[in-house]
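An overview of the molecular structure
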Amino acid sequence: MKIFHTADWHLGKLVQGVYMTEDQHFILEQFIAAIDQEQPDVIIIAGDLYDRAIPPVDAVDLLDDILSKISLQRKIPVLAIAGNHDSPTRLQFGRQLMQRAGLHIVGDFSELQQPVVLNDGHGEVHFHLIPFAEPATVKTVLQDETILTYDDAMKKTIEHIVSNLDTNARHIAIAHAFVTPNGDKQDNTSDSERPLAIGGSECVNAHYFEPFHYTALGHLHRAHYVLNETIRYAGSPLKYSASEASHEKGFLVIDLMADGKVTVTKRPFIPRRDLRIVEGTLQEILQHKESEDYVFIRLTDTTPVIGAMEQLRTVYKNALHVERKTIFVGRDEERVIMRDQLDERTLFQGFMKEMTGEEPSQHALQLFDEALQELLMEEREEETVK
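Conventions adopted
- Residues numbered from 1 in each chain as written.
- Predicted model: local features only at pLDDT ≥ 70, side-chain atom pairs only at ≥ 80, totals over all residues.
- Heavy atoms only, no water.
- Helix = DSSP H or I, 4+ residues; strand = E, 2+ residues; numbered from the N terminus.
- Contact = heavy atoms within 4.5 Å.
- Areas by Shrake-Rupley, 256 points an atom, 1.4 Å probe, with all protein chains shown as cover.
- Pairing = 2+ DSSP bridges.
- Axes fitted to C-alpha atoms, helices over the stretch in contact; angles between N-to-C directions.
- Salt bridge = Lys/Arg side-chain N within 4 Å of Asp/Glu carboxyl O.
- Buried < 20%, exposed > 50% of the residue type's maximum accessible area, 1.4 Å probe, protein only.
- pLDDT = per-residue confidence, 0-100.
- Parallel < 35°, antiparallel > 145°, perpendicular 65-115°, else oblique.
- Nonpolar A, V, L, I, M, F, W, Y, C, P; charged D, E, K, R; others polar.
- Core = buried A, V, L, I, M, F, W, Y, C linked by side-chain atoms within 4.5 Å.

**Quick look at the overall build of the chain**
- A tally of regular secondary structure across the chain gives 10 helices and 21 strands.
- Of all intrachain contacts in the chain linking residues separated by at least 6 positions in sequence, the fraction that spans at least 24 positions is 66%.
- Summed over all atoms, the accessible surface of the chain reaches about 18800 Å², with 50% contributed by carbon and sulfur.

**Quick word on the sheet that holds strand S1 (residues 2-6)**
- Reading across from one edge, S6-S5-S4-S1-S15-S16 is the order of the six strands in this open sheet, with mixed pairing throughout. Looking at strand neighbours, the two that pair on one side only are strand S6 (103-106) and strand S16 (262-268), the edges of this open sheet. The mean inter-strand angle of the sheet, taken between neighbouring strand axes irrespective of direction, is 20°.
- Where S1 and strand S15 (residues 250-256) come together, four bridges link them in antiparallel fashion. Within S15, the position partnered with His5 by the bridge is Leu252.

**Quick look at the pattern of salt bridges**
- A complete count under the given rule lists 17 salt bridges for this structure.
- Here Glu159 and Lys156 are joined by a salt bridge, their closest N and O atoms 4.0 Å apart. You can see Glu159 and its partner Lys156 sitting in helix H6 (residues 150-162), three residues apart, about one turn around the helix.
- Among the residues examined, Glu159 registers a relative accessible area of 39% and is labelled partly exposed.
- Residue class for Lys156 comes out partly exposed when judged on its relative accessible area of 22%.
- Across the pair Arg232 and Glu229 runs a salt bridge, and its minimum N-O distance is 3.7 Å.
- Each of the salt bridges in this network shares a partner with another, and the network as a whole consists of Lys2, Glu38 and Arg267.

**With respect to the environment of Asp51**
- Of note, Asp51 is situated in the loop between strand S4 (42-45) and helix H2 (57-73).
- Residues Asp51 and Lys13, 38 residues apart in the sequence, show an inter-C-alpha distance of 5.4 Å.

**A look at the side chain of Asn205**
- Mapped onto the fold, Asn205 is located in strand S11 (residues 203-205).
- The residues touching Asn205, leaving out its near neighbours within four places in the chain, are Asp151, Val179, Thr180, Pro181, Asn182 and Gly183.

**So, the sheet that holds strand S17 (residues 275-280)**
- Across the sheet, three strands lie side by side as S17-S18-S19; this open sheet has parallel pairing. Two strands close off the open sheet at either side, each with one partner strand: S17 and strand S19 (319-324). Averaged over all pairs of adjacent strands, the angle between strand axes in this sheet comes to 15°, irrespective of strand direction.
- Where S17 lies against strand S18 (residues 294-299), six bridges are found, and the strand directions are parallel. Bridge pairing in S18 links Arg276 to Val295.

**Focus on the confidence of the model for the chain**
- For the chain, mean pLDDT is 88; residues scoring 70 or higher make up 89% of the total.
- Here residues 328-337 is modelled with pLDDT under 50, and outside its nearest four sequence neighbours on either side it reaches 14 contacts, counting other chains as well.

**Comments concerning the packing of helix H1 (residues 21-38) against H2**
- Packing of H1 against H2 brings their axes to within 11 Å, and their N-to-C directions diverge by 5°. One way to sum up the angle between H1 and H2 is to call them roughly parallel. Taken together, the residues of H2 that come into contact with H1 (itself represented by Thr21, Gln24, His25, Leu28, Glu29, Phe31, Ile32 and Ile35) are Asp58, Leu62, Asp65, Ile66, Lys69 and Ile70.
- Classifying every residue of the contact of H1 with H2 gives seven nonpolar, three polar and four charged.

**Some remarks on the nonpolar core**
- Ranked by internal contacts, the top residues of the largest apolar core, which has 39 residues, are Phe31, Ile43 and Ile70.
- If you list the elements that add at least two residues to this core, you get H1, S4, H2, strand S5 (78-81), S6, S15 and S18.
- In this structure Ile70 touches Phe31, Ile32, Ile35, Ile43, Lys75, Ile76 and Val78, once residues within four positions along its chain are discounted.
- Ranked by size, the runner-up nonpolar core spans 23 residues in total, among them Ala7, Ile44, Leu118 and Leu252.

**Comments concerning the environment of Gly102**
- Positionally, Gly102 belongs in the loop between helix H4 (95-100) and S6.
- When the C-alpha positions of Gly102 and Leu72 are compared, they lie 8.1 Å apart, and in sequence the two are 30 residues distant.
- Other than its neighbours up to four places away in sequence, Gly102 contacts Ser71, Ile76, Pro77 and Val78.

And the structure:
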């Protein structure tokens, strides 16, 4: 069985105030062309189809167009789950009707779903769709008071799935989570992806997915494998922030063999416009060849520059952001730090230091973490209700 694994489309995405819909349409037409060329048996979209719970009309139309071309015109099954940016109930509206067309979308974690069963020449392949859900939701659905973290929620969910696995079939998991080799805290691969929780409690142990022959993950925007090559993130199809400028975007082709072994190949996407970082003095950059790329500009001028963006857009008309490059001098190192690379906690520490002349206490940091965590949860709840 040949499987296309993609994720994190984020349709309706705004990058520095610029809608990326036309660029997303350009990339997804490449995806359709690849489908026609390679004839996969199934398409996986591992969450965050939209960038927000209530996406703009253009984003909804684009998703409708692409899924219609895959499911209705080409008769290829599509398996998709909700990510943390999606509205679960909206995403799976008309679910029973869509299933008849081969479009299987699971938004709500309202119950443990039966696997989607597809067949190839070697027998059944069971696809287990695990949409993003808050730990409190999973605790309620599974009626398990021991579930407190995202790691707890995923562990218990997979335990329920594994307890009913058909040993004669091959099994694919589809999940949207922050998965790390041992559930240990790691930095996000992109600052365009909002955190799920504060202080490392969002991370999930990759070992839980070992019972599956392949795990298709979404959430992190850089394509990579976790723990072993059968547990993989496809990454986002486009660069959505300066932190993704070095990423190589694309999708994954999984060839599933009769014995459950897989081979994985990455196929690149070629964007309409690249997103990259440009660095130098204003006068140096003004000598560059004109470009339509999306650029984040870091000026190395030692003195303030008046009207920098207006001048820079004579060369880079799609420049997204400009700022002065600053140097952070640490105890043992000197390195470049840009404000857009700093997380909320670090910004808070810097603010307190600037305002009071002292570092915030551990108690103050704990209160900040709790307030930020509460804000993140309220934001997701408000988006879901809207």
